[in-house]
Amino acid sequence: MEKNRILRDTKIVIDLARISQNVRLIKDMVGPDVALMAVVKANAYGLGIVPMAPVILKSGADYLAVATLTEAVQIKEAYPDFPVFILGHTPDRMLDVVAELDIAQTIFSLHQAELLSQEALKRGRRAKIHIKVDTGFHRLGKVPTDEFAAEIKAMFALPGIEVEGIFSHLALASEEDDIKQYEVFTTFLAKLKEMGCHFKYEHIADSIACVDYPGFRMNMVRPGALIYGMRGFHVGFLPVEPAITFQSAISQLHAVKTGEGVGYDFLWRAERDSLVATLPFGYADGYPRQMRDKGYVVINGVKAPLIGVLCMDQVMADVTDVPNVQEGDVAIIYGDGTDGAMTFQEAADLLGTNKNDVLCRLTTRPPREYVNNPF
């Protein structure tokens with residue numbers, strides 16, 4: 001069988017040239033003195049962590065950030081020399097893997113730093129850590145107390161540890177709250193520096209903050225959704241472009257007479273003689289079942305509403321008004337908004353969620369096709 005052959009009409013097409021351009025836009029925005037930690041957690045937001053990693057680094061990113069050890073291992077097995085940072089907590093019993101694969105780790109207790117130091121020394125190396133400070137989000141990290149400052153000071157003395165960075169995360173509740181969190185963080189940093197604790201990287205800004213709050217960029221930013229063209233900023237603007245197209249193709253066309261039903265329970269009945277298309281995708285591919293009576297696809301430049309109950313593997317669309325429609329015609333499920341295609345933001349608005357949720361719902365079942373690789 002031909003290697004890398006796409007074996008489904010339903011697929012996710014990723015434009016690598018757009019990914020590269022988005023990274024370059026972010027890098028140009030923050031300038032040469034600010035490092036770019038590209039967030040590629042959740043399998044690069046569903047796009048494919050292994051194929052995406054080299055494109056993102058070659059385009060100007062300095063670090064790759066993931067949420068879990070399993071994600072870090074996936075990158076390291078493919079690219080042992082790539083710089084990878086785990087944003088989340090790694091349990092004590094797994095710190096040996098962190099040391100073995102030279103992964104940078106989030107740490108917020110002296111206890112874990114000591115364990116990681118021991119594992120690193122066994123391997124004749126020093127493990128990089130970034131210390132997580134809880135400035136009010138209350139998700140991960142410790143609040144900035146004198147006791148925590150003393151713990152951090154002790155971490156610098158550990159022989160198997162390189163305290164590379166320190167960071168926090170904004171709740172993005174309001175500008176007032178964001179400023180308060182930033183000031184809590186910088187005040188704590190000033191205290192640590194007075195104690196002789198200096199960090200290569202200091203970071204608090206995610207995709208939204210790095211655009212909306214230029215003053216919060218410090219010397220590292222952590223864009224995630226922005227890399228993939230998901231515009232989430234509220235005040236600023238950066239012309240990143242969506243890089244993902246989720247598409248399928250018509251399997252079969254059905255002539256449905258007035259009054260006839262379609263799909264489970266016949267919850268949709270034709271109000272006129274209609275032409276209905278079956279499309280080979282469903283909620284097992286990550287398309288939300290809640291899109292019933294809301295979703296549509298674009299076929300030949302025309303919106304075709306999805307009708308009836310959305311199935312696990314197939315959905316039906318009313319294509320009565322689509323000119324010259326034929327079996328095999330491409331149906332755009334999500335796109336960049338051109339030709340009327342539904343965007344991830346529009347889907348999120350219809351579902352009452354955010355665009356990252358819609359994007360990350362896409363399962364591994366649809367094959368990924370990578371086009372326009374600039375390298």
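Provided above is the structure to which this section pertains.
Residues numbered from 1 in each chain as written. Predicted model: local features only at pLDDT ≥ 70, side-chain atom pairs only at ≥ 80, totals over all residues. Heavy atoms only, no water.

A.B. asks: Would you explain the pairing of strand β10 (residues 244-249) in this entry?
C.D. replies: Counted residue by residue, β10 has 5 buried out of 6 residues, so it is predominantly covered. When β10 meets strand β18 (residues 330-334), the two strands line up antiparallel, connected through 4 bridges. From the neighbouring strand, Q247 faces β18, where its bridge partner is I332. (Buried < 20%, exposed > 50% of the residue type's maximum accessible area, 1.4 Å probe, protein only. Helix = DSSP H or I, 4+ residues; strand = E, 2+ residues; numbered from the N terminus. Pairing = 2+ DSSP bridges.)

A.B. asks: Any chance you could explain the side chain of E119 here in plain terms?
C.D. replies: Turning to its location among the elements, E119 is positioned in helix α6 (residues 110-122). Apart from the residues within four sequence positions on either side, E119 is in contact with L95, D96 and A99. (Contact = heavy atoms within 4.5 Å.)

A.B. asks: So what exactly am I meant to see when it comes to the sheet that holds strand β8 (residues 201-206) here?
C.D. replies: Within a sheet, adjacent strands bond to each other through the backbone by hydrogen bonds, running parallel or antiparallel. An order of β2-β3-β4-β5-β6-β7-β8-β9 is seen for the 8 strands of this closed barrel, with the pairing classed as parallel. Taken pair by pair, the neighbouring strands of this sheet meet at an average axis angle of 30 degrees, ignoring direction. Relative to strand β3 (residues 63-66), strand β2 (residues 35-39) is paired through 3 bridges, and the arrangement is parallel. Bridge pairing in β3 places V39 opposite A65. Together, β2 and β3 form the strand contacts of helix α3 (residues 49-58), whose direction differs from that of β3 by roughly 145 degrees. This element, helix α7 (residues 146-156), spans β5 (104-107), β6 (127-132) and β7 (161-167) of the sheet and lies at about 170 degrees to β6. (Axes fitted to C-alpha atoms, helices over the stretch in contact; angles between N-to-C directions.)

A.B. asks: Quick question: what am I supposed to make of the environment of D285 here?
C.D. replies: Tracing the chain through its elements places D285 in the loop between β14 (274-279) and β15 (296-299). Between the C-alpha atoms of D285 and K11, which are 274 residues apart in sequence, the distance is 9.4 Å. The contacts of D285, once residues within four sequence positions are left out, are R8, F246, P280, R361, L362, T363, R365 and P366. At a separation of 2.7 Å, a polar atom in the side chain of D285 contacts the side chain of R8. Within the structure, D285 has its side chain in polar contact with the side chain of R365 (distance 2.9 Å). (Polar contact = N/O pair within 3.5 Å; in protein donor to acceptor, adjacent residues only side chain to side chain.)

Distances and angles like these do not, on their own, reveal function.
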